[in-house]
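Here are the chains, one letter per residue:
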Amino acid sequence: MKFDINAPILVFDSGVGGISVLKELVKVMPHEDFIFFGDSKNSPYGTKPTEVVKKLTIDKVSEYLRLGIKGCAIACNTATSAAVADMRVLFPELPLVGIEPAIKPAALNHPGGRILVMATPITIEGQKLHNQIKLYEDIATIIPLACPGLMEFIEGGKIDSPELIDYLKEHLKEYIENPVDAFVTGCTHYPFVADKISSVLGSNVKHYDGANGTARELKRRLNEAKLLKDSGEGHIKFISSDPSPEKIQQCKTLFNRPL
Ligand code: DGL
């Protein structure tokens, strides 16, 4: 497979959450063109059967490969958990990176501490997360917590709603009573409400996220494949399977929202 250095990089998510990863990608690779594709019409992925998420992800990436991309970031922990291992076999030459919860830095920075990993049910139940937890469970106590319903607040534009605070207070009750040292956002939608999670868990509870590591890893892969641009102005195209103008506007608003 031959890739064109001038082709765009695909950033894929089940919805608008991957924009938290796109922000880091643009920071570390400012000269690149990006296509952000959010599968909002089919979201949420996190409560679907793994095989369904795998097919949705592989079909969409295959489509963009035919159109011409030079690299791909799976900016969705759920799709990474469900599909990236298969994708590496299907597209062995494609510079491809999948996001993973940032358990490693959280554990290393809080030896002996308690780390809460918040993610969708698929990610929490997936083998990938269990393998990752095994690597660090001797360093810190890692507590996986499925958060069904949380991504919907971000996807539905209810980031600043009182209902979100009620959800968090109820869902995180156990960790308000028995505090943790850090929380990991293991779903790319959640960084947009990390300040709300902090306000409920306590401002001294540290937040970790995998977006920056993912962006740096894709840059490394593209550089290795001699596909990295070092000049020129990069552009972003926002595409959603929900083609309403409001969805595209939401993508742009989230992109400009400070995290
Ligand atoms: N943003 C996705 C993730 O990182 C999942 C949200 C969903 O579609 O359930 O896991």
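How each quantity is defined
- Residues numbered from 1 in each chain as written.
- Predicted model: local features only at pLDDT ≥ 70, side-chain atom pairs only at ≥ 80, totals over all residues.
- Heavy atoms only, no water.
- Helix = DSSP H or I, 4+ residues; strand = E, 2+ residues; numbered from the N terminus.
- Expected span 1.5 Å × (residues − 1).
- Buried < 20%, exposed > 50% of the residue type's maximum accessible area, 1.4 Å probe, protein only.
- Arc of directions from axis to C-beta.
- Axes fitted to C-alpha atoms, helices over the stretch in contact; angles between N-to-C directions.
- Parallel < 35°, antiparallel > 145°, perpendicular 65-115°, else oblique.
- Left-handed = near helix turned anticlockwise from the far one by under 90°.
- Contact = heavy atoms within 4.5 Å.
- Near = heavy atom within 4 Å.
- Polar contact = N/O pair within 3.5 Å; in protein donor to acceptor, adjacent residues only side chain to side chain.
- Areas by Shrake-Rupley, 256 points an atom, 1.4 Å probe, with all protein chains shown as cover.

A. Structural view of helix α11 (residues 211–224). With 14 residues, α11 extends 20 Å between its outermost C-alpha atoms, agreeing within 8% with the 20 Å of an ideal straight helix rising 1.5 Å per residue. Turning to α11, its buried residues are A211, T214, A215, L218 and L222. Projected down its long axis, α11 shows its buried positions confined to an angular sector of 100°, all on one face. More than 90 degrees from the buried face of α11, the exposed residues found are R216 and E224. Residue K226 follows α11 closely and has a positive phi angle near 55°.

B. Quick peek at the packing of helix α8 (residues 162–171) against helix α10 (residues 194–201). Where α8 meets α10, the closest approach of the two axes is 10 Å, and the angle between their N-to-C directions is 50°. The angle between the axes of α8 and α10 places the two elements in the oblique class. The two elements α8 and α10 cross, and the hand of that crossing is right-handed. Contacts between α8 and α10 involve L164, I165, L168 and K169 on the former and, on the latter, K196, I197, S199 and V200.

C. Structural context of the site of the ligand. Not every one of the 13 residues close to the ligand is listed here, only the nearest: S14, Y45, T78, T188 and H189. The side chain of T78 places a nitrogen or oxygen atom 2.6 Å from an oxygen atom of the ligand. Surface burial for the ligand is 99%, taken as the share of its 300 Å² of free accessible area covered by protein chains.

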